[in-house]
Amino acid sequence: MDSRTIGILGGGQLGRMLVEAASRLNIDTLILDAENAPAKQIRASTLHVNGSFSDASAVRELASRVDVLTVEIEHVNADVLIELQKEKPELEIHPAPDTIKLIQDKYMQKMHLIGKGIATPESMSVENTEESLKAIGSKFGYPYMLKSRTQAYDGRGNYVVSSVLDISSALKALSSRPLYAEKWAPFRKELAVMVVRQKDGSTLSYPAVETIQTNNICHLVYAPARIPDSVQTRAIYLAEKAVATFAGAGIFGVEMFLLENGEILLNEIAPRPHNSGHYTIDACPTSQFEAHIRAILGLPIAKNGLALSTPITNAIMLNVLGADHPNGELEICKRSLSTRGATLHLYGKITRPGRKMGHINIVAGSMYECETRLAQIQDADEAISSEIEDEKPLVGIIMGSDSDLPVMAVGARILKQFGVPFEVTIVSAHRTPFRMTKYATEAATRGMRTIIAGAGGAAHLPGMVAAMTTLPVIGVPVKGSSLDGVDSLHSIVQMPRGIPVATVAINNATNAALLAIRNLAAFMPEYQLKLEQYYISIEDEVLGKAEKLEKIGYEEYLSKYGLVGLNFLLGVKKSDRCVKPFLKYQLMTTSMCPYTPSDCVKFSENRRRTVTDRLDNSKERRDGSQYHLGQTSFDCVYDPYSEKLYISATLAHIQRSNERKPSTLCWCAIIMMVVVVMMFFMTVARGVASCHLPETIAPA
């Protein structure tokens, strides 16, 4: 792939994984670190350099054997790298030595970022005295963070000063280091973004992830972060903006705070692969380690190479830390080997309490499934509960108009009952074609799995959406004011070859939702279990009805369950000259509903009313007019979960008594017709009057 040799300063677990990535590309690597360091264990070579990456002579020795130098840790001898850059211009060093030196001093790093307009917590340089720390407490308030400017990582070099009483202990813990103070950031989540800076200065980013710290050490990483898309976008933008201010190529780990008020502050940057990016090995087409190798050698990176492998990919990274007793952490490792979707990565280290011994990547089709598998690996007492904010919808329910909502809402309630994340919106194929195109083409990248599209009349929406996405599309024909929805059904089912649209019965959003859940259950076992329970409950319900019917007989059954109480929306649409807004009633009949009365909730005998009585006595009448129902037909949809009957009726069916008066236009038409008829007869009469019989011819 590339004949150049890469020298890596540092041979820990990050160097080990860099070597693995380079080996897959047939790229040679040499390591500077102690003998038998983790990276050297998997790369046999007599050219490795044994020594310290802070030793100038050892760094120079490695530089003499390679074409490109890079780092797996920033705490290297940056001064000698600056000298080598001047002495050997043909030697490439990434990231740039000046970048490494700047980032090594965390306070100078903060000042650099602030100078570039990057939002970070307020910071101040301090002296190692109690008076200086008390002055910081007066300025920042308590608590505040006291941090070492150099040689700090994995929480080492940080101290939380909660009150003036902690100042003495803080100085004792950090007295041997240059310090700075940082104003406390009241964060609700810690985020991280891995950013790749290429040789030409352009940047590419992995998704923002959420990190969970335990004892100041990264314990868990959730990818993608459990945050809204807007926050995800802002986090990536901030990370790329910050990395763009540094020189050199390679990968950078950017740590951030998401505050309670939604603001994002940059915490610090690591100019190397980072613990928060380990998930990329198994969850992305290109891992952070391979991306680093490609960037420093100028090799191409695919446009979507840093995205999660599929739109539905979710991952959790669990750090394996040394247990209190030797090799105690191996119990978790063994459990991971029997967990589907889990991959174990060990670093070849000697165990020590709290030491990073390896990590486990868990990859699945949903964050819920990742957490389920995480719980299998961890002890039950340590299982992590889901705290997903604004969980991404798996199912999209769309319709051409809000008049379709009573039908589609039933499907939404089914999804809600099953705990399926979904969204409901209006997307018109004819009135908002650009919105429809955007929705369909972006649905998969947003993590959507299925789209349910309701449409009446021409019903082009399901087919048009299906033509623009590879996701399954389920069409729901909505019954309109004419043709009883058959036109919608025919429109949806008559799709051309190659553009499949699943179709259910007219107004049957229930089956559409259940079909969507079945799609999810094919690769998300949690929904498979819920479906099994649902169908068991349906069977029990039918058996219960059969038992009641057989026990009391059909006459008593009808008498007892024939009239029931229902809460429903009576939707009245425009018709001719009369308009009545949507009203809420509590009606007590199912005589017009296609569902059996026993499907509905029971209602006490003394509250039964007829539909006409309820309408006539409604307190919501504003003009005192009466309504009557003649040969009324209704579109009925019963939702057993909310126990609501949704009925759509038009004014063609519900008419105001004594108000069906002909309009002015109608009177004009009638008068014109009368005039035309009268003129016709007058013309005929004149014609008859002007006619004369011929004279009789006498015989010769």
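It should be emphasised that the depicted structure is a prediction, and the values quoted were computed from it without experimental measurement. Note that residues are indexed from 1 along each chain, following the sequence as it is written. Two thresholds apply to this predicted model, a pLDDT of at least 70 for residue-level local features and 80 or more for giving and counting side-chain atom pairs, whereas whole-chain, interface and lining totals are computed over all residues. Hydrogen atoms and water are omitted, and side-chain values are computed over all heavy atoms in the structure.

**Some points on the overall build of the protein**
Working step 1: In DSSP terms, a helix is any run of H or I states spanning at least four residues, a strand is any run of E spanning at least two, and both are numbered starting from the N terminus. The secondary structure content of the protein amounts to 22 helices and 29 strands.
Working step 2: For the protein, the proportion of its 700 residues judged to be buried stands at 49%.
Working step 3: Contacts between residues were defined by any pair of non-hydrogen atoms, one from each residue, lying within 4.5 Å. Sequence separation of 24 or more characterises 64% of the internal contacts of the protein that already satisfy a separation of 6 or more.
Working step 4: Areas reported here follow the Shrake-Rupley algorithm with a probe of radius 1.4 Å; residue values treat only the protein chains shown as occluding. Of the roughly 34,100 Å² of accessible surface on the protein, a fraction of 55% belongs to carbon and sulfur atoms. Categorising residues by exposure relies on relative accessible area from a 1.4 Å probe, with only protein chains included: less than 20% of the type maximum marks a residue as buried, more than 50% marks it as exposed, and the intermediate range marks it as partly exposed.

**Remarks on the packing of aromatic side chains**
Working step 1: Here a pair means two rings of Phe, Tyr or Trp (six-membered ring of Trp) with centres within 6.5 Å. Their orientation is stacked below 30 degrees between planes, edge-to-face above 60, and tilted elsewhere. What the rule picks out here adds up to six aromatic pairs.
Working step 2: For the pair F187 and F257, a centre-to-centre distance of 5.0 Å together with 10 degrees between the ring planes defines the contact as stacked. Placement of the pair is F187 in strand β10 (residues 187-197) and F257 in strand β14 (residues 250-259), with a sequence separation of 70 residues.
Working step 3: When its relative accessible area of 33% is taken as the criterion, F187 is described as partly exposed.
Working step 4: Taking the centre distance of 5.1 Å and the plane angle of 80 degrees together, the rings of Y534 and Y535 count as edge-to-face.
Working step 5: Classification of Y534 as buried rests on a relative accessible area of 13%.
Working step 6: Taken together, the aromatic side chains of F418, Y534 and Y535 make up a single cluster linked through ring pairs.
Working step 7: Taking NZ or CZ as reference, R226 lies 3.7 Å from the ring centre of Y222, over its face. Counting as a charge over the ring demands two things of the Lys NZ or Arg CZ atom: a distance within 6 Å of the ring centre and an angle within 35 degrees of the ring normal.

**Description of the pattern of salt bridges**
Working step 1: Here, a salt bridge means any side-chain nitrogen of Lys or Arg that lies within 4 Å of a carboxyl oxygen of Asp or Glu. Applying the stated criterion to the full structure yields 25 salt bridges.
Working step 2: Among the ionic pairs, R272 bridges to E74, the shortest N-O distance being 2.4 Å. With R272 in the loop between β15 (264-270) and α10 (280-283) and E74 in the loop between β4 (68-71) and α4 (78-87), this residue pair connects regions lying 198 residues apart in the sequence. Per residue, the accessibility class of R272 equals that of E74, and both read buried.
Working step 3: With its nearest N and O atoms 3.4 Å apart, the salt bridge here joins E371 to R226. You can see E371 sitting in helix α13 (residues 367-377) and its partner R226 sitting in the loop between β13 (217-223) and α9 (229-243), a full 145 residues away along the chain.
Working step 4: Classification of R226 by relative accessible area gives buried; the value is 5%.
Working step 5: Each of D2, R4, E92 and K199 takes part in salt bridges that share partners, so that together they form one network.

**A few points about the pairing of strand β12 (residues 209-214)**
Working step 1: Two strands pair when backbone bridges link them, and β10 and β12 are joined in this way by three bridges, in the antiparallel orientation. Considered in β12, the bridge of E190 is made with T211.
Working step 2: Pairing of β12 with β13 involves five bridges; the strand directions are antiparallel. Each residue of the ladder has a partner; that of I212, found in β13, is L220.
Working step 3: Once β12 ends, the chain turns through two residues before running back antiparallel as β13, passing N215 with a positive phi of about 55 degrees. Here, a strand pair is defined by DSSP locating no fewer than two bridges between the strands.

**Some words on the pairing of strand β7 (residues 144-148)**
Working step 1: When you tally the buried positions in β7, you get five out of five residues, the bulk of the element.
Working step 2: Because side chains alternate across β7, one face comprises the buried residues Y144, L146 and S148, and the other comprises M145 and K147, equally buried.
Working step 3: Direction of pairing for β7 relative to strand β8 (residues 158-161): antiparallel, over a ladder of four bridges. Within β8, the position partnered with K147 by the bridge is N158.

**Structural notes on the sheet that holds strand β19 (residues 395-399)**
Working step 1: Pairing is parallel across the open sheet formed by five strands, whose spatial order is β20-β19-β21-β22-β23. Each of the sheet's edge strands pairs with one partner strand only, and the pair in question is β20 (422-426) and β23 (502-503).
Working step 2: The convention used is that axes are lines fitted to C-alpha atoms, helices contributing only their stretch in contact, and that angles between N-to-C directions extend from 0 to 180 degrees. Contacting β19, β20 and β21 (450-456), helix α15 (residues 433-442) runs over the sheet at an angle of about 165 degrees to β20.
Working step 3: Sheet strands in contact with helix α18 (residues 509-521) are β19, β21, β22 (473-478) and β23, and its direction is about 175 degrees off that of β22.

**Remarks on the nonpolar core**
Nonpolar side chains in soluble globular proteins generally cluster together in the buried interior.
Working step 1: Core analysis: the biggest nonpolar cluster contains 28 residues, and V395, F418, V420, I452, I517 and Y527 have the highest contact counts within it.
Working step 2: Looking at this core, the elements with two or more residues in it are β19, α14 (405-417), β22, α18 and α19 (525-552).
Working step 3: For this core, the element with the highest residue contribution is α18, accounting for eight residues.
Working step 4: Non-local contacts of V420, meaning those with residues more than four positions away in its chain, are made with L394, V395, L415, I517, L520 and Y527.
Working step 5: In this description, a nonpolar core means a group of buried Ala, Val, Leu, Ile, Met, Phe, Trp, Tyr and Cys residues linked to one another through side-chain atoms lying within 4.5 Å. Core analysis: the next-biggest nonpolar cluster, separate from the first, contains 23 residues, I103, I118, A242 and I269 among them.

**Focus on unusual backbone geometry**
Working step 1: The step from H94 to P95 runs through a cis peptide bond, and the omega angle for that step is -10 degrees.
Working step 2: Looking along the chain, the bond that leaves A223 and enters P224 is cis, with omega of -5 degrees.
Working step 3: On the secondary structure map, P224 appears in the loop between β13 and α9.
Working step 4: If you check the backbone angles, N36 has positive phi at about 65 degrees while not being a glycine.
Working step 5: Position of N36 relative to the elements: it lies in the loop between β2 (28-33) and α2 (38-41).
Working step 6: Positive phi, close to 55 degrees, is recorded for D484, a residue that is not glycine.
Working step 7: Tracing the backbone through its elements, the reader meets D484 in the loop between β22 and α17 (486-493).

**Some details on the sheet that holds β4**
Working step 1: Strand order in this open sheet of five strands is β3-β2-β1-β4-β5, and the pairing throughout is parallel. With partners counted over all chains shown, the strands left at the sheet margins are β3 (49-50) and β5 (92-93), one partner each.
Working step 2: Strands β1 (5-9), β2, β3 and β4 of the sheet are contacted by helix α3 (residues 56-63), whose axis makes an angle of about 170 degrees with β2.
Working step 3: Of the strands in this sheet, β1, β4 and β5 touch helix α11 (residues 288-297), which is tilted by about 145 degrees from β4.

**Digging into the confidence of the model for the protein**
Working step 1: Model confidence for the protein is summarised by a mean pLDDT of 82, while 81% of its residues fall at 70 or above.
Working step 2: Confidence per residue, as judged by the predictor, is encoded in pLDDT with a range of 0 to 100. The low-confidence segment residues 563-661, where pLDDT is below 50, has 182 contacts with residues more than four positions distant or belonging to other chains.
Working step 3: Within the model, the stretch residues 693-700 combines pLDDT values under 50 with zero contacts to residues more than four positions away or in other chains.

**Brief notes about the environment of G11**
Working step 1: Considering the arrangement of structural elements, one finds G11 in the loop between β1 and α1 (13-24).
Working step 2: Measuring from C-alpha to C-alpha, the distance between G11 and N36 comes to 8.9 Å, with 25 residues separating the pair along the chain.

**Thoughts on a nonpolar patch on the surface**
Working step 1: Together, I670, V674, M678 and M682 make up a nonpolar patch on the protein surface, roughly 360 Å² of accessible area in all.
Working step 2: Its place among the elements puts V674 in helix α22 (residues 664-689). In this analysis, a patch consists of residues with relative accessible area above 30% that form no salt bridge, clustered at 9 Å for like charges and at 5 Å for the nonpolar side chains Val, Leu, Ile, Met, Phe, Trp and Tyr.

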